[in-house]
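# Structural features, examined
Residue strings, one per chain:
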Amino acid sequence: MSGSLYEINGEACRRGDDGRSQSLHSTEAVKAARGAESKAALREGRQEGGSVRDGTKQTQAAEVPDRAIQAADTPDRDWSWVEASVWTERMLSALGNGVKGGKWFSLMDKATRPATLEAAWRKVAGNGGAAGVDRQSIERFAAKSCEYLGELSQSLEERSYQPQPVRRVEIPKGDGKTRPLGIPTVKDRIVQTALKFALEPIFEAQFRETSYGFRPGRGCKGALREVDELLKEGYTFVVDADLASYFDSIPHERLMQRVEERISDGAVLELIAKFLKQDIMQEGRRWTPAGGTPQGAVISPLLANIYLHPLDTLMIDSGYRMVRYADDFVILCRSREDATAALEKVRAWVQENGLTLHPDKTHVGNCWQPGEGFSFLGYRFEAGRRYVRKKSLQRLKEKILEKTRRTRGDSLACIVSDLNPMLKGWFAYFKHAHERTFSTLDAQIRRRLRAMLRKQEKRPGFGRCYADHQRWPNAFFAEAGLFAMHAAWLNARQSR
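Residues numbered from 1 in each chain as written. Predicted model: local features only at pLDDT ≥ 70, side-chain atom pairs only at ≥ 80, totals over all residues. Heavy atoms only, no water.

Let us now look at helix 16 (residues 435-456). Taking 1.5 Å per residue, 22 residues should reach 32 Å; helix 16 reaches 33 Å between its end C-alpha atoms and fits that length. Downstream of helix 16 by a residue or two, K458 has a phi angle that is positive, lying close to 60 degrees. (Helix = DSSP H or I, 4+ residues; strand = E, 2+ residues; numbered from the N terminus. Expected span 1.5 Å × (residues − 1).)

Moving on: the packing of aromatic side chains. Centre-to-centre distance and the angle between the planes together describe a pair of aromatic rings. As enumerated under the stated definition, the model contains 17 aromatic pairs in all. Geometrically, the ring pair formed by F374 and F381 is stacked, given 4.9 Å between the ring centres and 10 degrees between the ring planes. Of the two residues examined, F374 and F381, each falls in the buried class. Measuring from centroid to centroid gives 5.9 Å for F427 and F483, while their planes differ by 65 degrees, and the two rings are edge-to-face. One end of the pair, F427, is in helix 15 (residues 412-430); the other, F483, is in the loop between helix 18 (474-479) and helix 19 (485-494), with 56 residues separating them in the sequence. Each member of the pair, F427 together with F483, is buried. (Phe/Tyr/Trp six-rings, centres within 6.5 Å; stacked < 30°, edge-to-face > 60°. Buried < 20%, exposed > 50% of the residue type's maximum accessible area, 1.4 Å probe, protein only.)

Moving on, we get to the side chain of S300. The topology assignment puts S300 in helix 12 (residues 300-317). Classification of S300 by relative accessible area gives buried; the value is 2%. At a separation of 3.5 Å, a polar atom in the side chain of S300 contacts the side chain of T293. Apart from residues no more than four positions distant in its own chain, S300 is found in contact with F247, T293 and P294. (Polar contact = N/O pair within 3.5 Å; in protein donor to acceptor, adjacent residues only side chain to side chain. Contact = heavy atoms within 4.5 Å.)

Our focus in this paragraph is the sheet that holds strand 6 (residues 237-242). If you trace the 4 strands from one edge of the open sheet to the other, you get 9-10-6-11, paired in antiparallel fashion. Each edge of the open sheet is held by one strand with a lone partner, namely strand 9 (321-325) and strand 11 (363-366). With direction set aside, neighbouring strand axes in the sheet form an average angle of 20 degrees. One ladder, built from 6 bridges, connects strand 6 with strand 10 (residues 328-333); its direction is antiparallel. In the strand pairing of strand 10, D242 is matched with D328. Where helix 8 (residues 220-232) meets the sheet, it contacts strand 6, strand 9 and strand 10, and its direction lies at approximately 160 degrees from that of strand 9. (Pairing = 2+ DSSP bridges. Axes fitted to C-alpha atoms, helices over the stretch in contact; angles between N-to-C directions.)

Following this line, the structure appears as C-alpha cells:
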C-alpha cells in the first residue's frame, strides 16, 4: 500500500493515494483518547482551557513545525498551553511583537493539518459527551478515526466542509426552569476544537485581566479571589449584573466584525460564519438561529469572550474594577454614586451592542449591609461574610437525597464511597463559605444515613431520635470513612 505513515492516538495509520486514512488498530483509539485528558471540573460545567498534551504523549508528524513550548519574546505570558502543531516559536513571538496591520493570515492550513486534527480529536474524546444529530458517538468515531480525520482534513482544505445541525436539549437550572444546551456532532466538535487551537492565542494576547471565564489558566477561583481582595480594600458598593440569554442573543454581524479585527483568513472567517448559522434541531423542529452561539459548542465560549472584550476595556479605561466570568460579572466600587454611574455606563454599552440586562437580576447594593449582598459564581456575599448561594446549596441537597434513599439496599461502605467524591469536590470549591453551612450539612447527611440503617433493620423512622444517635454516633460514621465537611473546614482554617 502506498502513502505516508503517521500516528493517531498510538495507532499506526497510512494515508493512501486517495487521501483517506486507514486504521490498523482502531480499538486502541478509544483507550488512548479516553486517557488523553481529565474530565474533572471545578464547577457545574467544563472549561476548555487546558493543554491538549496533558496526560498523553504527543506524537509528531513529519509536517509538524518545531514545538512551541513557550516564547521568550512574549514577556509576562505563559504560552505552554498552546497546541504545538499550530503555534511555532516564531508565531508566538509575533503575538508579543505584533503582526503587520494587526491581523493574522494563513491560519486555515494550520488548523487542517493532520496533527492538529489528531490533537483536536484527542481533546474531544477526552471530554466525552453525547452524540449529535447523526447519532455517532465517541466510540463509533474512534473505530474509524483515521479514515474520518482524513476526510475532515480533505473537506476543510477544499472548503467543502458543511457543519451538521446542532441537537438541542433542555437541561434543568435548579429553579424549575431549563437552559438550552446545543450538542454538535463529534466531527463538528473536532473541527471547532482545531479552529480554537488556531484562534485562541491570538485573542488571548489582547484579553484583559478582568476576564476569568473559559480562559487557559484562569477560572472561578481566581475570579472569587479577586472579588474577595477588592472587598477587603473597601470596594463594597457592587453592581451585580446579568445579561439576559446572552449566548442566544449575540448579534452575528457585530461578532464577525470583532473577529475580523484580528483575523483576515477568508477560509477561517467563512467557517466561523457557518458554525454561527448552523441549524438547530429539537423534537422534530428545525430552524436557523438569527443570533447567538449555541451553549455546548466548543468555540462558543471563545466567541462570547471576544464579543464582551470591548466591555472589559471600557470598564478598565473608565477606572472601574470589574470581575467577569463569561456573561456573569460584578463591578466593585467605593461609593454608591460610583456604582450607579458604572451601571449606567454598562446599560448604554449593552444597548448599543444589541444585548439586554436582566431587569430582575441587575442591581446596585452595599454588600456590607444585610439584604444588599450579591451572588457570584455560586457564592452569596453579604454583611461581610460568604455564604453558599441557595440554588447551589439546594442542588447539593438534592444529590444527597438521591444517593441516600431509605430504599437503597447497598451497604454503608458502598454508600459512603459513593458520597465522598461528591462531598469532597463540593467542599473544595465552597470551603470559604460560612462555618455553619458545613456543620448543618454534616448533620443532615448523618441523619439520612441513620434513617437508611433503620430501614435496613426493618424499623421505620427518620433517624432523629436520641437512641439512634446513641447507637450510631458521629464517631461511627467517621470510622466508616464518611467525609465530614466541618472537620475539613476546621483543618483548612488552621492551615491558613
